[in-house]
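Observations on the model geometry
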Amino acid sequence: MIKKGFKVKVLIGKDKNKEGEVIEIDRKQNRAKVKGVNIVKKHVKTTKEKKGGIVSKENFIHLSNLMIMENKKEEAKK
């Protein structure tokens, strides 16, 4: 089971063979966000608090397209 903080490798898609750390998980749809992988451009509207523009951010990847490389809990035990 993949959890937040695990190091994973992408098996399929435009970011194939890239590695990163899981930063968010969506259990209902079986998806995860991986740091530095599957970057998309998001157009953000200007508000009083934030300046608008085009922002790059990570998007979700299906869990079946990820493989666990390192487990943070196993490293802590060593």
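These notes cover the structure that comes with them. Here the structure is a predicted model, which means the values were calculated and not measured.

**Quick word on the overall build of the protein chain**
- Broken down by element type, the protein chain carries 1 helix and 7 strands.
- For the protein chain, the C-alpha atoms occupy an extent of roughly 50 × 25 × 25 Å along the three principal directions.
- A burial count over the protein chain gives 23% of its 78 residues as buried.
- Expressed as a percentage of contacts within the protein chain between residues at least 6 apart in sequence, the contacts between residues at least 24 apart total 46%.
- Carbon and sulfur atoms make up 50% of the accessible area of the protein chain, which amounts to about 6200 Å² in all.
- Averaging the coordinates of the 23 positive side-chain charges in the protein chain and doing the same for the 10 negative ones gives two points 5 Å apart.

**Some thoughts on the side chain of asparagine 38**
- Structurally, asparagine 38 is set in the loop between strand S3 (31-34) and strand S4 (39-44).
- In terms of polar contacts, asparagine 38 uses its side chain to reach the backbone carbonyl oxygen of phenylalanine 60, at 3.1 Å.
- Setting aside residues no more than four positions away along its own chain, asparagine 38 makes contact with Lys14, Asp15, Lys57, Glu58, Asn59, Phe60 and Ile61.

**Overview of the environment of histidine 62**
- Along the chain, histidine 62 turns up in strand S6 (residues 60-62).
- Given the relative accessible area of 31%, histidine 62 is considered partly exposed.
- C-alpha separation for the pair histidine 62 and arginine 27, spaced 35 residues apart in sequence, amounts to 10 Å.
- For histidine 62, the residues in contact, after removing those within four places along its chain, are Gln29, Asn30 and Arg31.

**With respect to the sheet that holds S3**
- Spatial ordering of the open sheet is given by S6-S3-S2-S1-S7, a layout of 5 strands whose pairing is antiparallel. Among the strands making up the open sheet, the edge pair consists of S6 and strand S7 (66-70). Neighbour to neighbour, the strand axes of the sheet diverge by 55 degrees on average, direction disregarded.
- Where strand S2 (residues 19-26) and S3 come together, 4 bridges link them in antiparallel fashion. Paired with aspartate 26 across the bridge in S3 is arginine 31.

**Observations regarding the environment of isoleucine 61**
- Within the element layout of this structure, isoleucine 61 appears in strand S6.
- Discounting chain neighbours no more than four positions away, the residues touching isoleucine 61 are Val10, Asn30, Arg31, Ala32, Val34, Val37, Asn38 and Leu66.

**Here we look at unusual backbone geometry**
- One non-glycine residue, asparagine 17, adopts positive backbone phi at about 70 degrees.
- Residue placement: asparagine 17 occurs in the loop between strand S1 (7-10) and S2.
- The phi angle at asparagine 38 is positive, at roughly 60 degrees, despite the residue not being glycine.

Thresholds, definitions, all that
Residues numbered from 1 in each chain as written. Predicted model: local features only at pLDDT ≥ 70, side-chain atom pairs only at ≥ 80, totals over all residues. Heavy atoms only, no water. Helix = DSSP H or I, 4+ residues; strand = E, 2+ residues; numbered from the N terminus. Buried < 20%, exposed > 50% of the residue type's maximum accessible area, 1.4 Å probe, protein only. Contact = heavy atoms within 4.5 Å. Areas by Shrake-Rupley, 256 points an atom, 1.4 Å probe, with all protein chains shown as cover. Lys, Arg positive; Asp, Glu negative; His and termini not counted. Charge placed at Lys NZ, Arg CZ, Asp CG, Glu CD. Polar contact = N/O pair within 3.5 Å; in protein donor to acceptor, adjacent residues only side chain to side chain. Pairing = 2+ DSSP bridges. Axes fitted to C-alpha atoms, helices over the stretch in contact; angles between N-to-C directions.

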